[in-house]
Amino acid sequence: MPNRREFLLLTPVVLGEMGRVMAVAPPQREPFLSDNYAPVREELTVADLKVIGKLPADLNGMVVRNGPNPQFSPPGPYHWFDGDGMLHGVRIEDGKASYRNRFVRTEGFLEEKKAGKALYGGLMGMPDLTRMAAGKEGFKNTANTALVWHNGKLLALWEGGAPHEVKLPSLDTVGRYTFGGKLKHACTAHPKVDAETGEMFFFGYQPVKPYVQYAVTDAKGVIIHTTPIDIPRPVMMHDFAISARHAVFMDLPMSFSFGAMFKGGGPFRFEPKLGARFGILPRKGKGNEIRWFEAEPCYVFHTF
């Protein structure tokens, strides 16, 4: 049986000015802000890591990983994908190893750092419609999802907007990377680099038409091909694939819904009744050349 305090906390209170009833419950522990997911707020540089055994003298390079890590406590419901990008890097050089971690200093990160608090909502809330009307991203570009190395540049990726260039080995943020101003759409967090040609293939999706756009850069990082991919509705298209001659797109029923967001849900919902398709397009083909093949309703986050 609940005690008096717990009973009062669970009792609905009427918010007359809003014309609705809201249940006030005890605060819930946020699973993606605690334990193994707890934020790491400190940026470190450790020059000489302890090595068990011996590192080959000719093994030189750096491994970097990316992931969401909020700079400040969120102002509302928190989704794991909302946190600011933080890079962790281990550098091996001349038989020694060093470590450093750095936030990706996006525009939103710097804006919040100056304010001393979180200013942006997350995926469980509404996008900033004013920003979207101005042609900007509806959510904060966190650069928190993945990394790609291409044309001598390390790019931190977030599928709702442009990549951010990062210096090595310092992990300092250079800024948004728009391929010389030629990037006109979002960039997937999982572009594909052809090891033989040096070309990079990527796409972007958005809640307004054209829902998907596909692009190719040459080995020097110049965008040489862009085309829209026609699909009937906005969906979450997190990844795609390439073969030696084709790009493979996934039109799967994880649909975007403004209506669901207005009702307090997240922006995406799985609707298997909409069906699923895989699209096959020549790697530098126009969008109207794509061929679609139906499949059982499913969702695929990543390909390999």
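Residues numbered from 1 in each chain as written. Predicted model: local features only at pLDDT ≥ 70, side-chain atom pairs only at ≥ 80, totals over all residues. Heavy atoms only, no water.

*Asks:* Sorry if this is basic, but what is going on with the confidence of the model for the protein here?
*Replies:* Predicted coordinates in areas of low pLDDT are best not read in detail. Across the protein, the average pLDDT comes to 88, with 88% of residues at or above 70. Contacts of residues 1-27 to residues separated by more than four positions or lying in other chains number 18 contacts, the stretch itself having pLDDT below 50. (pLDDT = per-residue confidence, 0-100. Contact = heavy atoms within 4.5 Å.)

*Asks:* Any chance you could explain the nonpolar core here in plain terms?
*Replies:* With 18 residues, the main nonpolar core has Phe203, Val212, Tyr214, Ile229, Met237 and Phe249 as its most contacted residues. Counting residues per element, the ones that place at least two in this core are strand E12 (200-205), strand E13 (212-217) and strand E16 (246-251). The contacts of Phe203, once residues within four sequence positions are left out, are His185, Ala186, Cys187, Thr188, Val212, Gln213, Tyr214, Met237, His238, Asp239, Phe240 and Phe249. With 14 residues, the next largest nonpolar core counts Ala146, Val148, Leu155 and Ala162 among its residues. (Core = buried A, V, L, I, M, F, W, Y, C linked by side-chain atoms within 4.5 Å. Buried < 20%, exposed > 50% of the residue type's maximum accessible area, 1.4 Å probe, protein only. Helix = DSSP H or I, 4+ residues; strand = E, 2+ residues; numbered from the N terminus.)

*Asks:* Please clarify how the sheet that holds strand E3 (residues 45-46) should be interpreted in this entry.
*Replies:* Strands in a sheet are paired, the pairing made by backbone hydrogen bonds, and the direction either parallel or antiparallel. Overall, antiparallel pairing links the 4 strands, which are arranged E3-E6-E5-E4 in an open sheet. One side of each edge strand has no neighbouring strand; the edge strands of this open sheet are E3 and strand E4 (61-68). Pairing geometry for E3 and strand E6 (residues 96-103), over 2 bridges, is antiparallel. Opposite Val46, over in E6, you have Tyr99 as the bridge partner. (Pairing = 2+ DSSP bridges.)

*Asks:* Help me understand the environment of Ile280, please; the structure alone is not making it clear to me.
*Replies:* One can find Ile280 in strand E19 (residues 276-282). Remark: the alpha-carbon pair of Ile280 and Ala247, spanning 33 residues in sequence, is separated by 6.0 Å.

*Asks:* Explanation requested: the side chain of His185 in the structure shown.
*Replies:* With respect to the helices, strands and loops of the structure, His185 is situated in the loop between strand E10 (173-176) and strand E11 (192-193). His185 gets classed as buried once you look at its relative accessible area, which sits at 9%. What His185 contacts, discounting residues up to four positions off in sequence, is Phe202, Phe203, Gly204, Gln213, Ala215 and Thr226.

*Asks:* Explanation requested: the sheet that holds E13 in the structure shown.
*Replies:* Spatially, E11-E12-E13-E14 is the arrangement adopted by the 4 strands of the open sheet, whose pairing is antiparallel. Only two strands of the sheet have a single partner each, and these edge strands are E11 and strand E14 (223-229). When E13 meets E14, the two strands line up antiparallel, connected through 6 bridges. Counterpart to Val216 in the pairing with E14 is His225.

*Asks:* Teacher, can you tell me more about a nonpolar patch on the surface here?
*Replies:* Among the surface-exposed residues, Tyr37, Trp80, Phe81 and Phe301 lie close enough to one another that they form a single nonpolar patch of about 360 Å² accessible area. Along the chain, Trp80 falls in the loop between E4 and strand E5 (85-93). (Patch = residues over 30% accessible without salt bridge, like charges linked within 9 Å, V, L, I, M, F, W, Y side chains within 5 Å. Areas by Shrake-Rupley, 256 points an atom, 1.4 Å probe, with all protein chains shown as cover. Salt bridge = Lys/Arg side-chain N within 4 Å of Asp/Glu carboxyl O.)

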